[in-house]
Amino acid sequence: MAEAIEPFVADFMGALIDIEDAGFDADSLISRIFSRGMGIAKRKRAEAEVAALRARIEASGVSDQADVGQKLAMMILGRDALTGTIAYSLRDVFEAGQGRPFAALDFPELPSSTGVPYIERMAHERVTIDGLALQPGDRVRIMLRAFGHSGDPRDRAQFFGTGAHTCLGRPIALEAWAAIGAFLSGLPTTVGPLRCTPRNDDIFAIPASLELEVRP
Ligand code: HEM
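What comes next is a walk through the structure.

Cut-off values and rules
- Numbering of residues starts from 1 in every chain and runs along the sequence as written.
- Local features are withheld for residues below a pLDDT of 70 in this predicted model, meaning they are given only at 70 or higher, and side-chain atom pairs are given and counted only at 80 or more; totals for whole chains, interfaces and linings count all residues.
- Where side-chain values are given, they derive from all heavy atoms of the structure, hydrogens and water being excluded.
- The secondary structure listing takes helices from DSSP runs of H or I that are at least 4 residues long and strands from runs of E that are at least 2 residues long, numbered from the N terminus.
- Just to be clear, the radius of gyration here is over C-alpha atoms, and the globule rule we use is 2.2 Å times residues to the power 0.38.
- Think of it in three bands: with a 1.4 Å probe and only protein chains considered, a residue is buried below 20% of the maximum accessible area for its type, exposed above 50%, and partly exposed in between.
- Should any heavy atoms of two residues lie within 4.5 Å, those residues are considered in contact.
- By convention in these notes, a residue is near a molecule or strand provided one of its non-hydrogen atoms lies within 4 Å of it.
- As used in this structure description, the phrase polar contact means that two N or O atoms lie within 3.5 Å; if the pair is within protein, one of them must be able to donate a hydrogen and the other to accept it, and residues adjacent in sequence are counted only when both atoms belong to side chains.
- Only protein atoms enter the 1 Å grid, on which a cavity is a set of points fitting a 1.4 Å probe that cannot get out and a pocket is an open set with protein on both sides within 12 Å along at least 5 of 7 lines, lining residues being those with an atom within 4 Å of a point.
- Put plainly, a molecule is in a cavity or pocket when over half of its atoms are within 2 Å of the grid points there.
- Residues are grouped as follows: nonpolar covers Ala, Val, Leu, Ile, Met, Phe, Trp, Tyr, Cys and Pro; charged covers Asp, Glu, Lys and Arg; every other residue, Gly included, is treated as polar.
- Coordination here is defined by N, O and S atoms within 2.8 Å of the metal (3.2 Å for Na, K and Ca), and since water is not considered, a site can look incomplete.
- Grid points are joined across faces, edges and corners, and a volume is the space filled by probe spheres set on the points.
- Throughout this description, the term nonpolar core refers to a set of buried Ala, Val, Leu, Ile, Met, Phe, Trp, Tyr and Cys residues connected via side-chain atoms within 4.5 Å.

## Concerning the overall build of the chain
- If you tally the helices and strands in the chain, you get four helices and six strands.
- Listing the helices and strands of the chain from first to last along the sequence gives α-α-α-β-β-β-β-α-β-β.
- Whereas a compact globule of 216 residues would reach a radius of gyration of roughly 17 Å, the chain reaches 19 Å, a difference of no more than 12%.
- The C-alpha extent of the chain, read off along each of the three principal axes, is 55 × 50 × 30 Å.
- Residues classed as buried in the chain amount to 38% of the 216 residues present.
- Expressed as a percentage of contacts within the chain between residues at least 6 apart in sequence, the contacts between residues at least 24 apart total 61%.

In structure tokens, the structure reads:
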């Protein structure tokens, strides 16, 4: 099962930006360019990967640099957000459904965990929000992951942010989640033991591996 998510997301993202070879190696650094903890060698490798992806997009016939940039941004912003969200939400479904047939699993309409655990904003002027006084330059970290624990499943819609920068990938991400649920619910097999290993990542919440035993 673990191996199935990564190629699915790569194919899905490739179809979305209309290039055939959008896949990355499992240890790709492409979406980790936001990471503050990355050393120089890895940073160089990440930049080389971004340049190679840009070249592949251009080779697919896209010449307008704004279009190239848009496709690149979608790959970088969407890939780990989608992989992490699907993987951890599947983990939740499988954990709750241990020993049950796939057909009896409960796939929620909205994913139960997010691959984007937090976002940040910076105050540009003095402002007080809910009693919290902010000075210009103060950074505020918004813990989106907490919406997964609110008790009201509808709150998970907030996983995609809000306002001017609301996630542009939200409709297709939800469509992908629904399609995966529909597919898995049709399997004639039973959910066995689950192993999930987190990736060491300061931006996204994404497992390094997710393995599920499937039983007859
Ligand atoms: C379930 C998976 C996803 C989650 C949880 C997620 C979450 C988010 C969040 C929280 C933001 C807001 C960031 C902020 O306000 O600072 C965002 C922005 C964005 N997302 Fe996603 N995302 C997901 C999938 C995708 C996919 C698949 C794509 C592309 C196909 C995508 C493209 C974008 C883009 C382009 C933005 C920037 C929007 C802007 O700044 O105007 N996302 N996402």
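## Things to note about the site of the ligand
- Taken together, 24 residues form the shell around the ligand, and within it Arg121, Leu144, Phe159, His165 and Cys167 come nearest.
- Histidine 165 is positioned with one of its side-chain polar atoms (N or O) 2.7 Å from an oxygen atom of the ligand.
- More than half of the atoms of the ligand fall within 2 Å of the grid points belonging to the largest pocket.
- Those elements that place two or more of their residues in the shell around the ligand are helix H1 (2–17), helix H3 (65–96), strand S1 (119–122) and helix H4 (170–185).
- Residue contributions to the shell around the ligand peak at six residues, all from H3.
- Looking at the shell around the ligand, its residues break down into 16 nonpolar, seven polar and one charged.

## Things to note about the coordination of the iron atom of the ligand
- From the protein, the iron atom of the ligand takes a single donor atom, Cys167 (SG), 2.3 Å away.
- Assignment of secondary structure puts cysteine 167 in the loop between strand S4 (139–142) and H4.

## Here's the deal with the layout of surface pockets
- What the largest pocket holds in volume is close to 1100 Å³.
- What lines the largest pocket is a set of 37 residues, among which Leu77, Ala81, Val116, Cys167 and Phe204 lie closest to the centre.
- Of all the secondary structure elements, the ones that give two or more residues to the lining of the largest pocket are H1, H3, S1 and H4.
- The element that contributes the greatest number of residues to the lining of the largest pocket is H3, accounting for nine residues.
- Of the residues in the lining of the largest pocket, the class split is 25 nonpolar, nine polar and three charged.

## Some points on the nonpolar core
- Core analysis: the biggest nonpolar cluster contains 33 residues, and Ile57, Leu90 and Phe94 have the highest contact counts within it.
- Contributing elements (two or more residues each) for this core: H1, helix H2 (40–59), H3, H4 and strand S6 (207–215).
- Here this core gets ten residues from one element, more than from any other, and that element is H3.
- Membership of the second largest hydrophobic core comes to five residues, among which are Ala81, Ile203, Phe204 and Ile206.

Shape descriptors only; they carry no functional weight alone.
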